[in-house]
Amino acid sequence: MAGNRTFTMIKPEAVENGASGAILAKMEASGFRIVAMKKTRLSEERAGVFYEVHKERPFYGELVEYMSSGPIIAAILEKDKAVIDFRTLIGSTDPSEAAEGTIRKEFAESKAKNAVHGSDSDENASIEGEFFFASDERF
Ligand code: IDP
Ligand code: MG
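Residues numbered from 1 in each chain as written. Chains lettered and ligands numbered in written order. Predicted model: local features only at pLDDT ≥ 70, side-chain atom pairs only at ≥ 80, totals over all residues. Heavy atoms only, no water.

S.K.: So, the overall build of the protein: which residues are in play, and what are the values?
M.R.: Within the protein, the regular secondary structure consists of seven helices and four strands. The linear arrangement of helices and strands in the protein, starting from the amino end, is β-α-α-β-α-α-β-α-α-β-α. Computed over the C-alpha atoms, the radius of gyration of the protein is 14 Å, within 12% of the 14 Å expected from 2.2 N^0.38 for a compact globule of 139 residues. The principal-axis extents of the C-alpha atoms in the protein amount to approximately 35 × 35 × 25 Å. Across the 139 residues in the protein, those meeting the buried criterion constitute 47%. (Helix = DSSP H or I, 4+ residues; strand = E, 2+ residues; numbered from the N terminus. Rg over C-alpha atoms; globule rule 2.2 N^0.38 Å. Buried < 20%, exposed > 50% of the residue type's maximum accessible area, 1.4 Å probe, protein only.)

Now the structure itself:
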């Protein structure tokens, strides 16, 4: 995956609240093209592997439990400077610190239940995309 792709998930509480359509519309309206997308549910084990980089953080157990608590929507997105521009679009991890107009400002409930995931580097975008999608699921 080149530097023009990122990976996102719409997290369980946003899917449950019926916000997926509005969130995806905001992504597309901001110039991100959907390369791959699926609705799925992470087992606790798979959520643990996905977030393994955070294993030593105090919120790891809570994060794994939450991310496996219900279905999510996973997607690969494409745009110039995808990783950095998408982080700008979603806003700060804690929605109380997120800028006006960002997805987390509008849709997140809390620092833990913060509506969306966005990759933090080109390398992780590639790893995370491969965690969910085969090459024949990308268009
Ligand atoms: P990011 O999603 O903005 O990149 P990270 O620091 O990578 O933030 O944390 C991954 C996820 O872990 C966050 O999106 C959030 O769901 C959860 N998280 C981060 N910090 C906390 C915290 O202090 N308490 C509870 N959950 C947290
Ligand atoms: Mg992160």
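Moving on from the coordinates now.
S.K.: Before we move on, can you summarise the site of ligand 1 with the specific residues and values?
M.R.: Lys-11, His-54, Arg-57, Phe-59, Glu-62, Leu-63, Arg-87, Thr-93, Arg-104, Lys-111, Ala-112 and Asn-114 make up every residue found near ligand 1. Side-chain polar atom of Lys-11 to an oxygen atom of ligand 1: 2.9 Å apart, as the coordinates give it. Here an oxygen atom of ligand 1 sits 3.5 Å away from a polar atom, N or O, in the side chain of Arg-57. For ligand 1, whose accessible area on its own is 530 Å², the fraction buried by protein is 83%. (Near = heavy atom within 4 Å. Polar contact = N/O pair within 3.5 Å; in protein donor to acceptor, adjacent residues only side chain to side chain. Areas by Shrake-Rupley, 256 points an atom, 1.4 Å probe, with all protein chains shown as cover.)

S.K.: Any details on the side chain of Arg-104? Residues and values, ideally.
M.R.: By secondary structure assignment, the location of Arg-104 is in helix α6 (residues 103–107). It is Glu-13 that comes nearest to the buried, bridge-free Arg-104 among opposite-charge side chains, at 8.3 Å. Within the local environment of Arg-104, its side chain forms a polar contact with the backbone oxygen of Gly-91, the two atoms lying 3.2 Å apart. With residues up to four places along the chain from it excluded, the contact list for Arg-104 reads Lys-11, Arg-87, Ile-90, Gly-91, Ser-92, Thr-93, Pro-95, Ala-98, Asn-114, Val-116 and His-117. (Lys, Arg positive; Asp, Glu negative; His and termini not counted. Salt bridge = Lys/Arg side-chain N within 4 Å of Asp/Glu carboxyl O. Contact = heavy atoms within 4.5 Å.)

S.K.: Provide a residue-level description of the environment of Ile-73, including the pertinent values.
M.R.: Following the sequence through the fold, Ile-73 ends up in strand β3 (residues 72–78). Looking at Ile-73, the relative accessible area reads 11%, which means it is buried. A C-alpha to C-alpha distance of 18 Å links Ile-73 and Asn-124, two positions 51 residues apart in sequence.

S.K.: Before we move on, can you summarise the nonpolar core with the specific residues and values?
M.R.: Ile-10, Ile-23, Met-27, Phe-86, Ile-103 and Val-116 are the most contacted members of the largest nonpolar core, which has 20 residues in total. Looking at this core, the elements that each hand over two or more residues are α1 (12–16), α2 (20–29), β3, α5 (82–90) and α6. Of the residues forming this core, the biggest block, four residues, is contributed by α5. Those residues within four positions of Met-27 in sequence are excluded, and the remaining contacts are Thr-8, Phe-32, Leu-77, Phe-86, Leu-89, Ile-103 and Val-116. In terms of nonpolar packing, the next biggest core, distinct from the first, is built from 18 residues, Phe-7, Ala-36, Met-67 and Ala-74 among them. (Core = buried A, V, L, I, M, F, W, Y, C linked by side-chain atoms within 4.5 Å.)

S.K.: Describe the pattern of salt bridges, listing the residues and the values that go with them.
M.R.: Inspection of the entire model under this criterion finds seven salt bridges. Between Lys-38 and Glu-137 there is a salt bridge, and its shortest N-O distance comes to 3.8 Å. One end of the pair, Lys-38, is in strand β2 (residues 33–40); the other, Glu-137, is in the segment after α7 (122–132), with 99 residues separating them in the sequence. Close ionic contact of Lys-105 with Glu-100 constitutes a salt bridge, the shortest N to O distance being 3.7 Å.

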